[in-house]
Amino acid sequence: MADEEPKQLDYVSEIVLKKRKNNEDWAIRRREQLEQRVKKSKSDNFVIKKPEQFIREYRDREADLIKMKHRSKRPRKASDLSQSKLLFIIRIQGKSDMHPQTRKLLYSLRLRRMFTGVFVKANDRILDVLQKVEPYVTYGYPNLKSVNELIYKKGLAKINKQLYPLTDNNIIEQALGEHKIICIEDIVNEIANVGPHFKDVCNYLCPFNLNKPEKALQGKKKPFRDGGDSGNREDQINELISKMN
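Observations concerning the pattern of salt bridges
Then step 1. Applying the stated rule across the entire model yields two salt bridges.
Then step 2. For the salt bridge of Lys-145 with Glu-149, the shortest nitrogen-to-oxygen distance reads 3.1 Å. One end of the pair, Lys-145, and the other, Glu-149, are both in helix 5 (residues 144-154), four residues apart, so they sit about a helical turn from each other.

Quick notes on unusual backbone geometry
Then step 1. In this structure, Arg-110 is a non-glycine residue whose phi angle is positive, near 70°.
Then step 2. Assignment of secondary structure puts Arg-110 in the loop between helix 3 (100-108) and strand 2 (116-121).
Then step 3. Looking at Arg-110, the relative accessible area reads 29%, which means it is partly exposed.
Then step 4. For Phe-115, which is not glycine, the phi dihedral falls at a positive 60°.
Then step 5. Following the sequence through the fold, Phe-115 ends up in the loop between helix 3 and strand 2.

Brief notes about helix 9 (residues 237-244)
Then step 1. Buried within helix 9 we find Ile-237, Asn-238, Leu-240, Ile-241 and Met-244. Across the axial projection of helix 9, the buried residues extend over an arc of 160°, all falling on one side.

Points about the packing of helix 5 against helix 7 (residues 184-192)
Then step 1. Where helix 5 meets helix 7, the axes come as close as 10 Å, and the angle between the chain directions of the two elements is 140°. Comparing the axis directions of helix 5 and helix 7 gives the class oblique. You can see that helix 5 and helix 7 cross each other, and the crossing is right-handed. Counting all contacts with helix 5, which are made through Leu-144, Val-147, Asn-148, Ile-151 and Tyr-152, the residues of helix 7 involved are Ile-184, Glu-185, Ile-187, Val-188, Ile-191 and Ala-192.
Then step 2. In the contact of helix 5 with helix 7, the residues fall into nine nonpolar, one polar and one charged.

Re the sheet that holds strand 6 (residues 208-209)
Then step 1. The mixed open sheet is built from five strands, whose spatial order is 6-2-1-3-7. Where the open sheet ends on each side, the last strands, each with one partner, are strand 6 and strand 7 (231-234).
Then step 2. Taken together, the four bridges between strand 1 (residues 86-91) and strand 3 (residues 137-140) define a ladder with antiparallel strand orientation. The partner of Arg-91 across the bridge, within strand 3, is Val-137.

Focus on the packing of aromatic side chains
Then step 1. Counted by the stated rule, this structure contains three aromatic pairs.
Then step 2. Centroid distance Phe-88 to Phe-208: 6.1 Å. Interplanar angle 65°. Geometry classified as edge-to-face. Here Phe-88, found in strand 1, pairs with Phe-208, found in strand 6; they are 120 residues apart in sequence, far enough to count as distant.
Then step 3. Note on Phe-119 and Phe-208: the rings are 5.5 Å apart at their centroids and 85° apart in plane angle, and the pair reads as edge-to-face. With Phe-119 in strand 2 and Phe-208 in strand 6, the pair connects residues that are 89 residues apart, well separated along the chain. Just as Phe-119 is buried, Phe-208 falls in that class too.
Then step 4. Against the face of Tyr-107 rests Arg-112, its NZ or CZ located 3.9 Å from the ring centre.

Focus: the side chain of Lys-154
Then step 1. Relative to the helices and strands, Lys-154 is located in helix 5.
Then step 2. There is no salt bridge for the buried Lys-154, and the closest opposite charge comes from Glu-149, which lies 11 Å off by N-O distance.

A few points about the side chain of Asn-232
Then step 1. Relative to the helices and strands, Asn-232 resides in strand 7.
Then step 2. There is a polar contact of 3.4 Å between the side chain of Asn-232 and the side chain of Tyr-141.
Then step 3. At 2.7 Å, the side chain of Asn-232 forms a polar contact with the backbone nitrogen of Glu-234.
Then step 4. Setting aside chain neighbours within four positions, we find Asn-232 in contact with Tyr-139, Gly-140, Tyr-141 and Phe-224.

Here is what the cut-offs are and how they apply
Residues numbered from 1 in each chain as written. Predicted model: local features only at pLDDT ≥ 70, side-chain atom pairs only at ≥ 80, totals over all residues. Heavy atoms only, no water. Salt bridge = Lys/Arg side-chain N within 4 Å of Asp/Glu carboxyl O. Helix = DSSP H or I, 4+ residues; strand = E, 2+ residues; numbered from the N terminus. Buried < 20%, exposed > 50% of the residue type's maximum accessible area, 1.4 Å probe, protein only. Arc of directions from axis to C-beta. Axes fitted to C-alpha atoms, helices over the stretch in contact; angles between N-to-C directions. Parallel < 35°, antiparallel > 145°, perpendicular 65-115°, else oblique. Left-handed = near helix turned anticlockwise from the far one by under 90°. Contact = heavy atoms within 4.5 Å. Nonpolar A, V, L, I, M, F, W, Y, C, P; charged D, E, K, R; others polar. Pairing = 2+ DSSP bridges. Phe/Tyr/Trp six-rings, centres within 6.5 Å; stacked < 30°, edge-to-face > 60°. Lys NZ or Arg CZ within 6 Å of the ring centre and 35° of its normal. Lys, Arg positive; Asp, Glu negative; His and termini not counted. Polar contact = N/O pair within 3.5 Å; in protein donor to acceptor, adjacent residues only side chain to side chain.

Structure below.
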């Protein structure tokens, strides 16, 4: 036993050892950063609600459902469809006080977050939906200038679950070339004139993420015609678009 020679240790170069040490240090720092981020997010989002708050939110949602049913029975003006085929809708309200049915209608318009906007073609179905969700949206008739500036400044396309700004006409041609829409000017023209491929172009575009306007909105759910924020602004929607774009 005494004559056995000790086994030699495998030689590891100094460079490899340094690299291992650096990787271990980086992994430790990364883990600490992630732990701090999780701890911060939990502390920011963790709010203990009082029973009174749950009751108040439940009553608000039920009241919202009742009001929505009343609005849906309200007769609509015949002139709502005569002024323009094109509407631009902006979501301006809606958090915990919304009934799930109201939220579902807003989602059907692709308005999943506040201060997002979409172009739609005015028809009976759209106007019925707008009447039901009126306290949470404002809308009107965008002019060519507003359409042009929105698409050039805020226009984004979603391709393979990734967002791309409308800066490359090749991307536009690949997606919409079959409709003879090959550049951003064609998109503006199709939207502004509510062309035959309006729906395809709107589905290609993501909802517009707008800026929160300063002093332009008062946070009132009353109709715009009564001094509030919501509902039909007709041509005055262009002034709000310019402030939020």
